[in-house]
Amino acid sequence: MPNSSKSARQKTIAIISKPGRPELSDLLPALEKWLLERNYKVLMDEESAAYFPAANLVPRSELSAYSPDLALVLGGDGTLLSAARAVAKSGTLILGVNLGTLGFMTELAPADLYPALEAIEKEQYVVDSRSMLSCSLIRNGETIATHEALNELVVSKSAIARLNHFELFVDAEFVSSYKADALIIATPTGSTAYSLGAGGPILKPDVDAFLITPVSPHGLTHRPVVVRDTVEIEIQVKTGEEEAYLSLDGQVGMPVRDGDIVRCVKAEHPARLLRFKKTFFEVLATKLKWGER
């Protein structure tokens, strides 16, 4: 039995790292030492544990079962997307430390890591609740896969020469038939990712909406559409004898066949990202170089 005189329970921190970053060989040992000195329980995914032979290794896909209080993500936005899919269901707070370049969601520089951890101990932070997509692939009436995404779902062509044919429904109401390279269903967080490059608008992260963006549609009247995040979005795929491809956050993917249905709804649990300084528009101004002369 733990000592009942202790008022605070031991907190658990999961460390999730981008593989192959040279900074990690110095950063991780010092970080683990700092956390253990403050009585944190430290869990590490496979990439992080490579630097610690005796570390508490937990596969990234299993971290949510331990309900960590904080997921500390060392990498770029791609690593954070993977972390969000892994731990959002447990309500874990996510702090991104940017070891990459662009970093829309990984706000923190390595030099600011320890001041941020001290601020977390004092509960001096803001939580950005980011909605996620829950997407199912349905074949012959059977759900064969369900995955979540923080940025977007994309149904794209697998053959170079041919356009995909999609039929789009929102709450069972037919919207349009598309012939296009791809169709994107994006969250507000994902509005600054692939959808932005395809001509979609930028949505503020707290907008309760999803964004439907066709990529290079064969029809000049097809434009991005914004819908409430309470709807059910259904894509019916018409590929003939060829396959299409379904990807989530650009990281999880699977082939799609003619007649398959991709169904998307708002995920039950949001990703809870920690923020300290910059507002969303300040991040945009920095990353997209708005306002420069």
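See the structure printed just above.
What comes next is a walk through the structure. (Residues numbered from 1 in each chain as written. Predicted model: local features only at pLDDT ≥ 70, side-chain atom pairs only at ≥ 80, totals over all residues. Heavy atoms only, no water.)

**Quick word on the overall build of the chain**
On a plain count of helices and strands, the chain comes out with six helices and 18 strands. If one aligns the C-alpha atoms of the chain with their principal axes, the spans along those axes are about 65 × 50 × 35 Å. Classification of the 293 residues of the chain by burial places 48% in the buried group. Across the chain, the fraction of contacts at a sequence separation of at least 24, relative to all contacts at a separation of at least 6, is 64%. (Helix = DSSP H or I, 4+ residues; strand = E, 2+ residues; numbered from the N terminus. Buried < 20%, exposed > 50% of the residue type's maximum accessible area, 1.4 Å probe, protein only. Contact = heavy atoms within 4.5 Å.)

**So, the nonpolar core**
Counting 27 residues, the largest nonpolar core has Leu 153, Val 155, Ile 212, Ile 233, Ile 235, Leu 246 and Val 262 as its most contacted members. The residues touching Ile 235, leaving out its near neighbours within four places in the chain, are Leu 153, Val 155, Phe 166, Glu 167, Leu 168, Leu 183, Ile 185, Asp 260, Ile 261 and Val 262. One finds Val 42, Met 44, Leu 70 and Leu 72 within the second-largest nonpolar core, a separate group that totals 26 residues. (Core = buried A, V, L, I, M, F, W, Y, C linked by side-chain atoms within 4.5 Å.)

**Digging into the sheet that holds strand S12 (residues 209–215)**
Reading across the sheet, the six strands line up as S13-S12-S11-S8-S15-S16 and stay open at both edges, with antiparallel pairing between neighbours. Both outer strands of the open sheet, strand S13 (225–228) and strand S16 (252–256), are each paired with one neighbouring strand and no more. Strand-to-strand twist in this sheet, taken as the mean axis angle between neighbours without regard to direction, amounts to 15 degrees. Looking at chain direction, strand S8 (residues 152–157) and strand S15 (residues 244–248) are connected through five bridges and run antiparallel. Directly across from Val 155, in S15, lies its bridge partner Leu 246. (Pairing = 2+ DSSP bridges. Axes fitted to C-alpha atoms, helices over the stretch in contact; angles between N-to-C directions.)

**Side note on the packing of aromatic side chains**
Considering all chains together, one arrives at two aromatic pairs under this definition. Each ring, one from Phe 169 and one from Phe 174, has its centre 5.5 Å from the other, and the planes form 65 degrees; the classification is edge-to-face. Of the residues examined, Phe 169 reaches a relative accessible area of 16% and is grouped as buried. (Phe/Tyr/Trp six-rings, centres within 6.5 Å; stacked < 30°, edge-to-face > 60°.)

**Describing the pairing of strand S2 (residues 41–44)**
As paired elements, strand S1 (residues 12–17) and S2 share four bridges and run parallel to each other. From the neighbouring strand, Thr 12 faces S2, where its bridge partner is Lys 41. A crossover connection joins S1 to the parallel S2 through helix H1 (residues 24–37); in handedness this β-α-β unit is right-handed. (Right-handed = clockwise from strand over helix to strand, strands pointing away.)

**Re the environment of Pro 68**
Positionally, Pro 68 belongs in the loop between helix H2 (46–49) and strand S3 (70–75). Of the residues examined, Pro 68 reaches a relative accessible area of 3% and is grouped as buried. Separated by 27 residues in sequence, Pro 68 and Lys 41 place their C-alpha atoms 9.0 Å apart. The contacts of Pro 68, once residues within four sequence positions are left out, are Thr 12, Ala 14, Leu 63, Ser 90 and Thr 92.

**Comments concerning unusual backbone geometry**
Negative phi is the rule for most residues except glycine; trans is the rule for most peptide bonds. In this structure, Ala 172 takes a positive phi of about 70 degrees despite not being glycine. In this structure, Ala 172 sits in the loop between strand S9 (164–170) and strand S10 (173–180). Positive phi, normally seen in glycine, also occurs at Asp 249, with a value near 55 degrees. Of note, Asp 249 is situated in the loop between S15 and S16.

**Focus: the pattern of salt bridges**
The final tally for this structure, using the stated rule, is 14 salt bridges. Between Glu 47 and Arg 60 there is a salt bridge, with its nearest N and O atoms 3.2 Å apart. Here the residue Glu 47 occupies a position in helix H2, and Arg 60 occupies one in the loop between H2 and S3, the gap between them amounting to 13 residues. Judged by relative accessible area, which is 14%, Arg 60 ranks as buried. Through salt bridges with shared partners, a single ionic network connects Lys 33, Glu 37 and Arg 38. (Salt bridge = Lys/Arg side-chain N within 4 Å of Asp/Glu carboxyl O.)

**Focus: a nonpolar patch on the surface**
Together, Phe 281, Leu 288 and Trp 290 make up a nonpolar patch on the protein surface, roughly 300 Å² of accessible area in all. Looking at the secondary structure, you find Phe 281 in helix H6 (residues 280–287). (Patch = residues over 30% accessible without salt bridge, like charges linked within 9 Å, V, L, I, M, F, W, Y side chains within 5 Å. Areas by Shrake-Rupley, 256 points an atom, 1.4 Å probe, with all protein chains shown as cover.)

By themselves, these figures tell us nothing about what the structure is for.
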